[in-house]
Amino acid sequence: MNISQAQQRINQLRQQLQKANYAYYVLDNPIMEDSIYDQLYRELQDLETQYPDLITDHSPTQRVGDSPASQFASIKHNIPLYSLENAFNLQELRQWQDRWQRQTPNIEQFEYVCELKIDGSALALTYENGVLIRGVTRGDGTTGENITQNVRTIRSIPLKLTLENPPNLIEIRGEAFLPLDEFDRINLEREQTAEALFANPRNAAAGTLRQLDPKIVDRRRLQFFAYTLHLPQNNQITTQWDSLNYLQSMGFLVNPNRKLCQSLEEVTNYCNQWETNRRNLPYMTDGVVVKINNYELQKQLGFTQKFPRWAIALKYPAEEAPTIVQDIIVNV
Ligand code: NAD
């Protein structure tokens, strides 16, 4: 492929991905399967790596999500809500480890936290003196929508934290999602009233959160798993593992299937175990998020424009596709 052919294909891919992003993030109504989207996205990324001069700021690879919908007030996030780098098999997970270790050659001891990747919609919650004052969607990662009234209907989000001396300001992030039985119930109800069905629980959750009437949101029983804690400086929490336990002690629902791992081998076992077990869960997961446990090491590694270098999402293949994870385990 020469450069002008590459430019042509890049333009085509960007157009397709932009359309797909709009349908997915703004309309909550996807026009293609996630696995196809991921393939096209990878192709664009590979071409841009091969021809870095063709990268532009407005390429879908340079941004997270899409612009917030206009019916809610826009709120700029104090700290951006990044996306996650994807790995599609265990070899790519190993390559990620090699990359971050090259960046920090002096680190010999480290731990990973494995969490299930909940297939929902990310929220940023702000608590002032322990009281929920704001709930905002991820939006494009920099600016989200103020959906506080809707967030207040989610019963697993405490309106007041169970802490004796709550910090002045605290931000919690996590995933709002629809349990599978609730998703089925909503779609059945929509079928009976001849409304368009939701494509999947993730889009149903995102669509529900952006309902203008909080009473409708209240009737759809969204849930929320907390997974990120931003405290003011000089606090006692120094690891992701401790932050998850702290979130739980504050009254949040934290996914119980998390694991502290001492090696990539343990991570691999966790990923393989959950590739099968996830089918027994009452909610959707589309992979595993692997995070470096120690905040100090996270800080050293930092962020790219789009995602943290200290975390990665291992995505499971689509249900009907052949399993990649199982095949690659022998090489790890
Ligand atoms: P992503 O959903 O692949 O991963 C990042 C998100 O994971 C975070 O923002 C967070 O919301 C979520 N997450 C869940 N559990 C988590 C945990 N325990 N810890 C941290 N984060 C957790 O990335 P994205 O940028 O939101 O979306 C990209 C993906 O969306 C694509 O890979 C594709 O599969 C899908 N997509 C599909 C279409 C389509 O047309 N079908 C269009 C756009 C995007």
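Since this is a predicted model, take the numbers as computed values, not measurements.

J.: Would you mind showing me how to read the packing of aromatic side chains here?
T.: What characterises a pair of aromatic rings is the spacing of the ring centres plus the angle enclosed by the ring planes. According to the stated counting rule, one finds 14 aromatic pairs in the structure shown. For the pair Trp 100 and Tyr 112, a centre-to-centre distance of 6.3 Å together with 85 degrees between the ring planes defines the contact as edge-to-face. Taken together, the residues Trp 100 in helix H3 (residues 90–103) and Tyr 112 in strand S3 (residues 112–118) connect sequence positions twelve residues apart. An identical accessibility class is assigned to Trp 100 and Tyr 112; each is buried. Plain terms: the ring middles of Phe 303 and Trp 310 are 6.0 Å apart, the flat faces sit at 80 degrees to each other, and that makes the pair edge-to-face. Relative accessible area serves as the criterion here: at 38%, Phe 303 is assigned to the partly exposed category. Each member of the aromatic cluster is reached from another via a ring pair, and the members are Trp 96, Trp 100, Phe 110 and Tyr 112. The positively charged end of Arg 190 is found above the aromatic ring belonging to Phe 198, 4.2 Å away from the centroid.

J.: Looking at this structure, I do not really get the nonpolar core. What am I missing?
T.: Generally speaking, a soluble globular protein has its nonpolar side chains buried in company with each other. Of all hydrophobic cores here, the largest spans 34 residues; its most connected members are Leu 123, Leu 125, Ile 172, Phe 224 and Phe 252. When residues of this core are traced back to their parent elements, those giving at least two are strand S4 (121–128), strand S7 (169–177), helix H5 (180–192), helix H6 (201–209), strand S8 (223–230) and helix H8 (240–249). If sequence neighbours within four positions are ignored, Phe 252 has contacts with Leu 125, Tyr 127, Ser 156, Pro 158, Leu 161, Ile 172, Phe 224, Ala 226 and Leu 247. Grouped together as the second largest cluster of nonpolar side chains are 30 residues, Tyr 270, Trp 274, Val 290 and Ile 312 included.

J.: Can you help me understand the UniProt feature "coiled-coil region" (unreviewed entry) in the chain in this one?
T.: Following the UniProt record, one finds the feature "coiled-coil region" (unreviewed entry) at residues 3–57. With 75% helix and 0% strand, the stretch residues 3–57 has end C-alpha atoms that lie 19 Å from each other.

J.: Would you take a moment to explain the site of the ligand for this structure?
T.: Of all residues adjacent to the ligand, which total 24 residues, the nearest are Met 32, Asp 38, Arg 138, Glu 175 and Lys 315. In isolation the ligand exposes 820 Å². Once the protein is present, 94% of that is buried. Taken together, the elements giving at least two residues each to the shell around the ligand come down to helix H1 (3–26), helix H2 (34–50), S3 and strand S10 (285–292). Split by residue class, the shell around the ligand holds eleven nonpolar, three polar and ten charged.

J.: Just to check I follow, could you spell out empty space enclosed by the protein for this structure?
T.: The rolling of a water-molecule-sized probe over the atoms marks out the regions of remaining empty space. Going through the model one piece at a time under the given rule, you end up with one cavity of 30 Å³ or more. Taken as a whole, the largest cavity encloses approximately 80 Å³ of empty space. Lining of the largest cavity is provided by Glu 115, Leu 116, Ile 118, Phe 225, Ala 226, Tyr 227, Leu 244, Val 254, Asn 255, Asn 257 and Arg 258. Going through the elements one at a time, S3 and S8 are the ones with two or more residues in the lining of the largest cavity. Here the lining of the largest cavity is built from residues that sort into seven nonpolar, two polar and two charged.

Conventions used here
- Residues numbered from 1 in each chain as written.
- Predicted model: local features only at pLDDT ≥ 70, side-chain atom pairs only at ≥ 80, totals over all residues.
- Heavy atoms only, no water.
- Phe/Tyr/Trp six-rings, centres within 6.5 Å; stacked < 30°, edge-to-face > 60°.
- Helix = DSSP H or I, 4+ residues; strand = E, 2+ residues; numbered from the N terminus.
- Buried < 20%, exposed > 50% of the residue type's maximum accessible area, 1.4 Å probe, protein only.
- Lys NZ or Arg CZ within 6 Å of the ring centre and 35° of its normal.
- Core = buried A, V, L, I, M, F, W, Y, C linked by side-chain atoms within 4.5 Å.
- Contact = heavy atoms within 4.5 Å.
- UniProt positions renumbered as here; feature names shortened; annotations may be inferred.
- Near = heavy atom within 4 Å.
- Areas by Shrake-Rupley, 256 points an atom, 1.4 Å probe, with all protein chains shown as cover.
- Nonpolar A, V, L, I, M, F, W, Y, C, P; charged D, E, K, R; others polar.
- 1 Å grid on protein atoms, 1.4 Å probe; cavity = no way out; pocket = protein on both sides within 12 Å on 5 of 7 lines; lining within 4 Å.
- Points joined across faces, edges and corners; volume = space filled by probe spheres on them.

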